[in-house]
Amino acid sequence: MAEIKTKKLSREEIANIEIGNTSVSTAQKYFLTLFFLLLIGIYPCFQFYYHQPFREWRKMETAQKSIKAYETALEDTSLLRAFLLTPAQRFLTGVFHLGNEKVIIGNDGWLFYSGDYEYLINPGFLCQEKLHKRILSGVQPDPAKAILDFKAQLDKRGIRLILMPVPVKPMIYPDKLGGGNTFLQNPSWQEFKRRMEDAGVTVVDLAPGFAEMRKQGVEPYLKTDTHWTPEGMYFASGLLAEAINGAKTKNKPSETAAVQNLGDIAAMLKLPDCERYFSAEKIQNPQFNMKTDRSSDILLLGDSFCNIFSLETMRWGADSGLPEALGYQLGRTVDAICRNDAGAFATRQLLSSELKRGRDRLAGKKIVVWEFAIRELVNGDWKMLEMKLGNVPESRFLTVTVPRDVTATILAMTEVPRPHSAPYGDHVMSLHIGDIDGGSDEALVYIVSMKNNVWTQAPKLRIGDTVKITLSPWSDQEKHFGTWNRSEFEDENLLIQEPVFGELKR
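In short, a report on the structure. (Residues numbered from 1 in each chain as written. Predicted model: local features only at pLDDT ≥ 70, side-chain atom pairs only at ≥ 80, totals over all residues. Heavy atoms only, no water.)

## A short note on the sheet that holds strand β7 (residues 298-302)
Backbone hydrogen bonds hold the strands of a sheet together, and the pairing may be parallel or antiparallel.
Stage number 1. Pairing is parallel across the open sheet formed by five strands, whose spatial order is β4-β3-β9-β7-β8. Only two strands of the sheet have a single partner each, and these edge strands are β4 (202-203) and β8 (335-338).
Stage number 2. The pairing of strand β3 (residues 160-166) with β4 spans two bridges and is parallel. Residue pairing across strands places L163 opposite V203, the latter belonging to β4. (Pairing = 2+ DSSP bridges. Helix = DSSP H or I, 4+ residues; strand = E, 2+ residues; numbered from the N terminus.)

Below, the structure is given as structure tokens:
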């Protein structure tokens, strides 16, 4: 009897046979088609009424920016995200002790900002391959190039430059992330420090001192915040004072102010009841009784590490930050230009703009101290900025000496972060207005766009809108709002104009 051989079917042939024998009735076809069409069509309708992201389109200057803004608005204001994000985050945090894309929950309830962790896992911020890739993204990535250019311009005026890159929290607390007890550092740090010191730049390295503080039982960083404790800040001010004139660190003043708060990393979890999972921290802020002074021969450029105990809106106290502590250590006041975020360029840009307006902020200065978060060495935009004194610009741009109510047209406006999408909950945007009271005057206006992660009416404006607005001197508001995170125009002609402060009329 002949042996019957059977051919082994391939997976594709088996699949074709199975699919070919699947029967779907006409009614089922119509039902499934209608169901999926309704599912696809109904959700966008609900989303449209829940939030209209088309507003962001109208504010952008280019199609590329418009598309990016539209995509961001859809993501940030998704109806599903609004309903599902909080329950999902509660489950992940409460059951698995997990954070989100911005928050890493460490041991013993210590919280870490994921952007800080990237500084350590980066193979080297001076690596040529990494620098080249970042150039392609449209930024100037080389910190050494920008810093040495800044130093060369200061040298021409006989001004000394001191750098203080503030360590990020994971560097000092590897044990809270499952690591050892030795502080960590990016592979390019030693080369960067050597290049700076060889060029005559004084570099204040805080990491070894912070690690030693921990060994002595003193915490240099807040448990639920990205920033340092009053003890860490005061230690840094002592090293700065020693670098400036060899002064020894003074004992802290005995007068203190108690503050209790939950930090900015906890807020990034976007949980309305975050206190259920993490306890508020209690600190004692030293009272230095010092004020900043523009006539000082020392200028401090700094980011939120300068503002954390100086800016009341950050909710960790007021007038007790790095500018005041440094002045106390030196026994004389210092001048300060501080702004939250973007330490690689923001304060240099403010200084450059002021010089171009004909205001010589560097007059009489002998030392410039530049403080920034060390993570900026990896991900900052190290723009090359000119520190050249210009003439007072002649233009139709309006300036005011007393508050004035006007009617104007919105000609241009800067972007505003979505609530809870940025590390800081307060923001100032820029407006370019024209047709003021029916005339040819224009004005550059700084206006509050977000308070405590809630938008004001300003971000909802559109280009071409007619608004009633009260204008007042920016100099009267700069001490309070000048340190807030701010979006500026890229147009050089607008940057050199004298700004005014605006408040929309109801």
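## Quick word on the packing of helix α8 (residues 143-155) against helix α10 (residues 189-198)
Stage number 1. One can describe the packing of α8 onto α10 by two numbers: an axis separation of 11 Å at closest approach and a directional angle of 15°. Overall, the two elements α8 and α10 adopt an arrangement that is roughly parallel. Considering how the two elements wind past one another, α8 and α10 form a crossing that is right-handed. Between α8 and α10, the contacting residues are P143, A144, I147 and L148 on the first element and F192, R195 and M196 on the second. (Axes fitted to C-alpha atoms, helices over the stretch in contact; angles between N-to-C directions. Parallel < 35°, antiparallel > 145°, perpendicular 65-115°, else oblique. Left-handed = near helix turned anticlockwise from the far one by under 90°. Contact = heavy atoms within 4.5 Å.)

## Looking at the pairing of β7
Stage number 1. Among the five residues in β7, five count as buried, and that is most of the element.
Stage number 2. Here β7 shows two buried faces, one formed by I298, L300 and G302 and the other by L299 and L301.
Stage number 3. Where β7 meets strand β9 (residues 367-373), four bridges bridge the pair, whose relative direction is parallel. Across the sheet, residue L299 finds its bridge partner in β9, namely V368.
Stage number 4. Pairing of β7 with β8 involves four bridges; the strand directions are parallel. Each bridged residue has a counterpart across the sheet, and for L301 the counterpart in β8 is I337. (Buried < 20%, exposed > 50% of the residue type's maximum accessible area, 1.4 Å probe, protein only.)

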